[in-house]
Amino acid sequence: MTAPYDIKAYDRSSLESVLAESGQPLFRARQLLRWIWQRRATSFDGMTDLPSTLRAALAQRHVLFWPALVAREVSSDGTRKYLWRLADGASVESVGIPTRGRLTVCFSTQVGCGMGCAFCATGRGGLVRNLDCGEMAAQVALVADDFPARVTNAVAMGQGEPFVNYDETIRALRILNDPDALGIGARHLTVSTSGVVPGIRRFATEPEQFTLAVSLHSAVQSTRDAIMPGLRTYPLSALHEALGDYIAKTGRRPTLEFALIDGVNDTPEETRALIAFCRGLLVHVNLIPVNPVDGTRLRRSRDATIEAMASALRAADVEVSVRAERGADINAACGQLRQRTPREA
Ligand code: SAH
Ligand code: SF4
């Protein structure tokens, strides 16, 4: 593999190995991280505390390109949605969600997504390409600058399936977590996966206390196969086992996301299956009324059905919450991020 061109695609440990190869001391990695992620340097020239020979060598081999803002929309609730253009012209979206002293950034991990979930706008155009860790962390840094505020939480819940792009996603979390970069606490960094079992197993072995969310959406195999066709390779039994092992190994409580679709996954049978799935697992269930997506006939469950499902779960001692919708008026809510060309923005 050729070395990544953009210097932002290096986390601390890969920067250290590159610097060591050219005989540089390790503290240069810290300096570089600070220039990039805290001062948003746009060229190597300005990195005045680095020796000029090193600056020249870096500039010869690397670029330092920040995604360009193509469009920005602000919701009536303060949520902001961004469309960025990347170095190769591809575009991705991110969302900034301010809540009482906190700022959460939802970032994308791929351009498009190959899983094809029936209720999700991102899946429509299929997978275009993976993002690298620098492209992921840059979304978070640029949203911080726009508010401007310190980002307290970041979630890999935008476009793409993070565990299909596992290594770069973990590197991005490391950059976001690094005190010389964004400095966001590991527990405040969350990955949402649609249920890619090998990824969940690897995630359990990472030394940092990152947080896991799994998009379940149905504990009935035939329903899940129908609405999440890309996940047929990982049946519910394997997902259940991986979650059990994850919880035993990490002692952390994952969230199960459940987008409620009228008449599809909100029936008494679905509720019973969900309760059975949660039995023996220390999880938190997040019920989310499905957000409307153009071109689908899927409608959100009725409020009374959502409440009934929440009470049935509570009665079975399952920890549950109903997610408040943010940014739906600007199509920034879950599942509403879609592939757009800059011209469409
Ligand atoms: N690919 C990952 C992360 C990105 S999707 C995943 O699927 O988990 C982020 C979240 O939005 C997931 O929980 C996903 O299931 C949910 N989602 C997708 N479309 C939705 C919609 N129309 N309404 C509500 N949630 C949706
Ligand atoms: Fe991909 Fe997640 Fe959308 Fe499914 S819900 S298509 S996995 S982004």
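Residues numbered from 1 in each chain as written. Chains lettered and ligands numbered in written order. Predicted model: local features only at pLDDT ≥ 70, side-chain atom pairs only at ≥ 80, totals over all residues. Heavy atoms only, no water.

**Brief notes about the packing of helix H4 (residues 133–146) against helix H5 (residues 166–177)**
Two measures define how a pair of helices packs: the angle their axes make with one another and the distance between the axes. The interhelical angle for the contact between H4 and H5, taken along N-to-C directions, is 40°, at an axis separation of 8 Å. Judged by the angle between their axes, H4 and H5 are oblique. Where H4 crosses over H5, the two elements pack in a sense that is right-handed. Every residue of H5 that contacts H4 at Cys-133, Met-136, Ala-137 and Val-140 is listed here: Glu-168, Thr-169, Arg-171, Ala-172, Ile-175 and Leu-176. (Axes fitted to C-alpha atoms, helices over the stretch in contact; angles between N-to-C directions. Helix = DSSP H or I, 4+ residues; strand = E, 2+ residues; numbered from the N terminus. Parallel < 35°, antiparallel > 145°, perpendicular 65-115°, else oblique. Left-handed = near helix turned anticlockwise from the far one by under 90°. Contact = heavy atoms within 4.5 Å.)

**A few points about the domain arrangement of the protein chain**
Size of an interface, as often reported, equals the accessible area lost when the parts are brought together. When cut into domains, the protein chain gives domain 1 (5–63) and domain 2 (68–344). Each of domain 1 and domain 2 was reduced to a C-alpha centroid, and the two centroids are 32 Å apart. Facing 11 residues of domain 1, the contacting portion of domain 2 comprises 16 residues. Of the roughly 1100 Å² buried between domain 1 and domain 2, counting both surfaces, carbon and sulfur atoms make up 54%. If you sort the residues of domain 1 by the area they bury against domain 2, Asp-11, Trp-37 and Arg-40 come out on top, with a joint share of 52%. Remark: the boundary between domain 1 and domain 2 carries 4 salt bridges. In this structure, Asp-180 and Arg-12 form a salt bridge, with 2.5 Å as the shortest nitrogen-oxygen distance. Taken together, the connections running from domain 1 to domain 2 amount to 8 residue pairs in polar contact (both at pLDDT 80 or more). Along the lines of polarity and charge, the residues of the side of domain 1 that touches domain 2 split into 4 nonpolar, 1 polar and 6 charged. (Domains from an automatic or database assignment. Buried area = accessible area lost by both parts, 1.4 Å probe. Salt bridge = Lys/Arg side-chain N within 4 Å of Asp/Glu carboxyl O. Polar contact = N/O pair within 3.5 Å; in protein donor to acceptor, adjacent residues only side chain to side chain. Nonpolar A, V, L, I, M, F, W, Y, C, P; charged D, E, K, R; others polar.)

**Concerning the site of ligand 1**
In the vicinity of ligand 1, 19 residues are found, and the nearest of them are Phe-119, Ser-192, Ser-215, His-217 and Asn-291. Between ligand 1 and Phe-119, the relevant distance is 2.8 Å, taken from a nitrogen atom to a main-chain nitrogen or oxygen of the residue. The fraction of the free accessible surface of ligand 1 (530 Å²) that becomes covered by protein chains is 96%. Residue assignment for the shell around ligand 1 shows that the elements contributing at least two residues are strand E8 (189–193) and strand E10 (255–260). A breakdown of the residues in the shell around ligand 1 according to their chemical character gives 8 nonpolar, 9 polar and 2 charged. (Near = heavy atom within 4 Å. Areas by Shrake-Rupley, 256 points an atom, 1.4 Å probe, with all protein chains shown as cover.)

**Structural notes on the packing of aromatic side chains**
Think of a pair of aromatic rings as described by two things: how far the centres are apart, and how the planes are tilted against each other in angle. Applying the stated criterion to the full structure yields 6 aromatic pairs. Measuring from ring centre to ring centre gives 5.5 Å for Trp-37 and Trp-66, while their planes differ by 80°; the resulting arrangement is edge-to-face. One end of the pair, Trp-37, is in helix H2 (residues 27–38); the other, Trp-66, is in the loop between helix H3 (52–61) and strand E1 (68–74), with 29 residues separating them in the sequence. Residue Trp-66 is classed as buried on the basis of its relative accessible area, which comes to 12%. Note on Phe-163 and Phe-203: the rings are 5.3 Å apart at their centroids and 55° apart in plane angle, and the pair reads as tilted. In this pair, Phe-163 is assigned in the loop between strand E7 (153–156) and H5 and Phe-203 in helix H6 (residues 197–203), connecting sequence segments 40 residues apart. Site record: aromatic cluster; members linked through ring pairs are Phe-163, Tyr-166, Phe-203, Phe-210 and Tyr-246. If you follow Arg-39 out to its NZ or CZ, it ends over the ring of Trp-35, 3.9 Å from the centre. Of note, Arg-80 hangs over the ring of Phe-147, and the distance from its end group to the ring centre comes to 4.0 Å. (Phe/Tyr/Trp six-rings, centres within 6.5 Å; stacked < 30°, edge-to-face > 60°. Buried < 20%, exposed > 50% of the residue type's maximum accessible area, 1.4 Å probe, protein only. Lys NZ or Arg CZ within 6 Å of the ring centre and 35° of its normal.)

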